[in-house]
Amino acid sequence: MPEFEARGVGLIGISVDAPELTREHVKKMGFTFTFLSDPNTETTRRYDLVHAGAYEGKDIARPAEFLVDEAGVIRWTNITPDYRVRLSPDEALAALDALDRQPS
Amino acid sequence: MTGMMTDRAPASTVKRRWNIFLPAGFFLSIVSFLSYYSFFAAFPLTRDIPWVNLLLFGVALSLLAAGLFRAYRSPELYRGRIFGPILAAPALAIFGFFIYLNFGAANDLPPSSMAPRPGQQAPDLALVDMTGAAVKLGDLVGGEKGRWALLVFYRGYW
């Protein structure tokens, strides 16, 4: 996603899968952004996104996006009410540009 | 009893046609259900609103309705007064289940009322990267270039 990179924003994918599984998935899908694992759902819980028992009885995250600035402050969020409707990269870029990020 | 037999005499002497609408509709309703998960869910255009599958279900249920209609309207010509409902009931159930999965369950998400909001400090991360090394929020944002990060939470279990 060069559009994000050009704005100094790193794309970070997060899922509850184990690192080995994530590695395979990233390879399969050809993702070039950073993909991290939250195997014990600790981070997902801190962001209050745990969807308990939603996948074959296991806890997973509901899809959501958080834009975090250089000081660790949340600048924008998107928490879909319907997990089939996901954020498009264009929507995220539009939200990002609306924030008028000052390049440093 | 004898009277009924004479009334139905034509039906028993003329071989009645197989009512192809009924098995076709039943079969198509199964295809409508499975093809979403095996194929159409892979594309955002047919996944977010499963219109192709709803269309297929529409055809399947229309076939079943037409099959039932002619089975009862012209029982002397068409079979299906017994196996028609037997096929139509599960087809309807499959359709109902599909509607539930796509329009009920997909919206059945936890409230997430405590999720961090804009302006709040982002909770720290306790993640591991693909090599198993720990990653904190400070590793992703700030630094010399003052980087930001877009955290994208996925459902996982690919």
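Scroll up to find the structure.
Residues numbered from 1 in each chain as written. Chains lettered and ligands numbered in written order. Predicted model: local features only at pLDDT ≥ 70, side-chain atom pairs only at ≥ 80, totals over all residues. Heavy atoms only, no water.

1. A word on the packing of aromatic side chains
Residues and elements named next belong to chain B.
No. 1: The full count for this structure, using the stated rule, is 15 aromatic pairs over all chains.
No. 2: Ring centres of F33 and Y37 lie 5.3 Å apart, and the angle between their planes is 50 degrees; this geometry places the pair in the tilted category. With F33 and Y37 both in helix α3 (residues 21–38) and 4 residues apart, the pair spans about one turn of that helix.
No. 3: When its relative accessible area of 16% is taken as the criterion, F33 is described as buried.
No. 4: Aromatic side chains F33 and F97 sit 5.9 Å apart centroid to centroid with 20 degrees between the ring planes, which places their arrangement in the stacked category. Pair noted here: F33 is in helix α3 and F97 is in helix α6 (residues 83–104), with a separation of 64 residues, a long-range link.
No. 5: An aromatic cluster is built from F33, Y36, Y37, F57, F95, F97 and F98, whose rings are joined through pairwise contacts.
No. 6: The ring centre of Y78 lies 4.0 Å from the NZ or CZ of R70, which sits over that ring.
No. 7: Its end group placed over the ring of W18, R79 keeps NZ or CZ at 4.7 Å from the ring centre. (Phe/Tyr/Trp six-rings, centres within 6.5 Å; stacked < 30°, edge-to-face > 60°. Helix = DSSP H or I, 4+ residues; strand = E, 2+ residues; numbered from the N terminus. Buried < 20%, exposed > 50% of the residue type's maximum accessible area, 1.4 Å probe, protein only. Lys NZ or Arg CZ within 6 Å of the ring centre and 35° of its normal.)

2. Observations regarding the packing of α3 of chain B against helix α5 (residues 51–73) of chain B
All names here are of chain B.
No. 1: At a closest axis distance of 8 Å, the pairing of α3 and α5 adopts a crossing angle of 165 degrees. On the basis of their axis angle, the class for α3 and α5 is roughly antiparallel. Here the hand of the crossing between α3 and α5 comes out left-handed. Counting all contacts with α3, which are made through F21, L22, A24, G25, F26, L28, S29, S32, F33, S35 and Y36, the residues of α5 involved are N53, L56, F57, V59, A60, L63, L64, A66, G67, L68 and R70. (Axes fitted to C-alpha atoms, helices over the stretch in contact; angles between N-to-C directions. Parallel < 35°, antiparallel > 145°, perpendicular 65-115°, else oblique. Left-handed = near helix turned anticlockwise from the far one by under 90°. Contact = heavy atoms within 4.5 Å.)

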